Amino acid sequence: MSRTQLVARIGRNWVVLFLFLLCVVFSFTGRGFLSLKTLNNILLTSSPALLLAAGETFVIITGGVDLSVGFVRGLISVISAIVIRDLYALGYSPYFAIFCGIVVGVLLGFLPGLVNGILVARFRVPPFIATLGMYGIANGLALRYSKGFPITFLPDEVGEIGNGFFFYLLPGRLFTIFEKPLGLTEAEARNLVGIVPYATVVAFALLFVFGFVLSKTQFGQHIYAIGGNIDAARRAGIPVEKHLIRVYVISSLFAAFSGVLSTLIFSIGTHTQFAASLELFAIAAVVIGGASLMGGKGSILGTALGVFVLSVLEVGFLMSGILPFYRYIAVGTILVFAVVIDQLFPEVVYD
């Protein structure tokens, strides 16, 4: 292998190498960083972000951007939590209330994406403006229904589902499946390790399905074609408007799944003004994962790698005792570096 080929290969796989390097560094600076408990906590807390960024991937590949996903996630989290709380208060089974909250949240997730898609595809509104408008609408509705406070008083089963694991391990003593072992002392409960979070399995399943759609189906190839050259795509007979509407619906649906999942994990319906940073997190993860803001390039696997880079960075800084504002500096630096890599190695993609 020539030197040029070696440099090109490193450039194409820099995210994988950088993620590995972060884990090595934090294993020395953060006590217990490489423990099974820390790994599973990263997987669990990253699950909503994985879904949010996966939906953004579809939009960015077309050359657009969806600025509304953070507040759509917040709105769906609030709505699903209200449905669960009110049905449970009326005496319905907690599992029925949770099921209804999930269904209502996901179904409502169609609407913001449909509106965004129609504005962009049919009325030629720039994606930045169309989704910025939805950003404000979703923000206002979430504040209206939550009155500015988290939605609480959800049944305990919400947290049990959202924070459940397929396996539980008490080192040297017990190994159970699906349910926590009973009769543990306080010290044993602290040492209990959950393995393979339910939320992560759900997130990975959705990523696998839509990753297949993106990379292996005609619909996915048309998305790349639209991002590469929208005029050429039209001349080739691709129904560009229909595809763009579907792409924005997919982005909104993923935001809805993310909102529902965050409700289950945190056991509250959360909406905050800081939701504006969630779409920036999603966009950063997509770009770090190898997508181009010019369109025509990106993948679900690359986006997942980008999410884990940001999540590992956050947890590693926290466990290493590094002040939080340095994380923002690090993320900004990595984002600029990712764009530079995109210019130097335009063929970078993670299949």
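Starting afresh in each chain, residues are numbered from 1 along the sequence in its written order. The predicted nature of this model means local features are confined to residues of pLDDT at least 70 and side-chain atom pairs, given and counted, to a pLDDT of 80 or more, with totals for whole chains, interfaces and linings taken over all residues. As a rule here, side-chain values cover all heavy atoms of the structure and leave hydrogens and water aside.

Participant: What is the right way to read the overall build of the protein chain from this model?
Facilitator: For the protein chain, the count of helices and strands is 16 helices and 3 strands. The atom set for the radius of gyration is the C-alpha atoms, and the globule formula is 2.2 Å times the number of residues raised to the power 0.38. Its C-alpha radius of gyration of 21 Å places the protein chain within 12% of the 20 Å reference for a compact globule of 351 residues. The C-alpha extent of the protein chain, read off along each of the three principal axes, is 65 × 55 × 35 Å. Taking all 351 residues of the protein chain together, 50% fall into the buried category. Taking the contacts inside the protein chain whose residues are at least 6 apart along the sequence as the reference set, 78% of them involve residues at least 24 apart. Of the roughly 17,100 Å² of accessible surface on the protein chain, a fraction of 70% belongs to carbon and sulfur atoms. Taken as two groups, the 21 positive and 16 negative side-chain charges of the protein chain have centres that lie 6 Å from each other. Elements are defined by DSSP. Helices are runs of H or I of four residues or more, strands are runs of E of two residues or more, and each kind is numbered from the N terminus. Burial here depends on accessible area, computed with a 1.4 Å probe over protein chains only, as a share of the maximum for the residue type. Under 20% is buried, over 50% is exposed, and the range in between is partly exposed. Should any heavy atoms of two residues lie within 4.5 Å, those residues are considered in contact. Note on areas: Shrake-Rupley with a 1.4 Å probe; residue coverage comes only from the protein chains shown. We count Lys and Arg on the positive side and Asp and Glu on the negative side, and we leave His and both chain ends out. The atom standing in for a charge is NZ when the residue is Lys, CZ when it is Arg, CG when it is Asp and CD when it is Glu.

Participant: How do you make sense of the packing of aromatic side chains when you look at a structure like this?
Facilitator: Two descriptors summarise a pair of aromatic rings, namely the distance from one centre to the other and the angle between the planes of the rings. For Phe, Tyr and Trp, rings pair up if their centres lie within 6.5 Å, where Trp contributes its six-membered ring, and each pair is then called stacked (planes under 30 degrees apart), edge-to-face (over 60) or tilted (otherwise). Counted according to the given criterion, the structure contains 12 aromatic pairs. When the centroid spacing of 5.0 Å and the interplanar angle of 85° are considered together, the rings of Trp14 and Phe337 count as edge-to-face. You can see Trp14 sitting in helix 2 (residues 14–29) and its partner Phe337 sitting in helix 16 (residues 325–344), a full 323 residues away along the chain. Residue class for Trp14 comes out buried when judged on its relative accessible area of 9%. Between Phe204 and Phe308, the aromatic rings sit 6.5 Å apart at their centres with planes inclined by 90°, giving edge-to-face as the arrangement. Taken as a pair, Phe204 in helix 10 (residues 198–216) and Phe308 in helix 15 (residues 300–319) lie far apart in primary sequence, 104 residues in all. Taken together, Trp14, Phe18 and Phe337 form an aromatic cluster joined through their ring pairs. Positioned over the ring face of Tyr145 is Arg144, at 5.5 Å from the centre of the ring. By definition, being over a ring means that NZ of Lys or CZ of Arg is both within 6 Å of the ring centre and within 35 degrees of the ring normal. For Arg327, the ring lying beneath its charged end belongs to Tyr328, and the centroid distance is 4.7 Å.

Participant: How should the pattern of salt bridges be read in this particular structure?
Facilitator: Where charged atoms from two side chains of opposite charge come close, those side chains can pair. Each salt bridge in this description consists of a side-chain nitrogen of Lys or Arg and a carboxyl oxygen of Asp or Glu lying within 4 Å of one another. Here the structure, examined in full by the defined rule, presents 4 salt bridges. Between Asp86 and Arg85 there is a salt bridge, with its nearest N and O atoms 3.0 Å apart. Accessibility expressed as a relative area gives 34% for Asp86, which makes it partly exposed. A salt bridge links Arg234 to Glu241, with the shortest nitrogen-to-oxygen separation between them at 3.1 Å. Shared partners join several salt bridges into a network, and the residues in it are Arg124, Asp231, Arg234 and Glu241.

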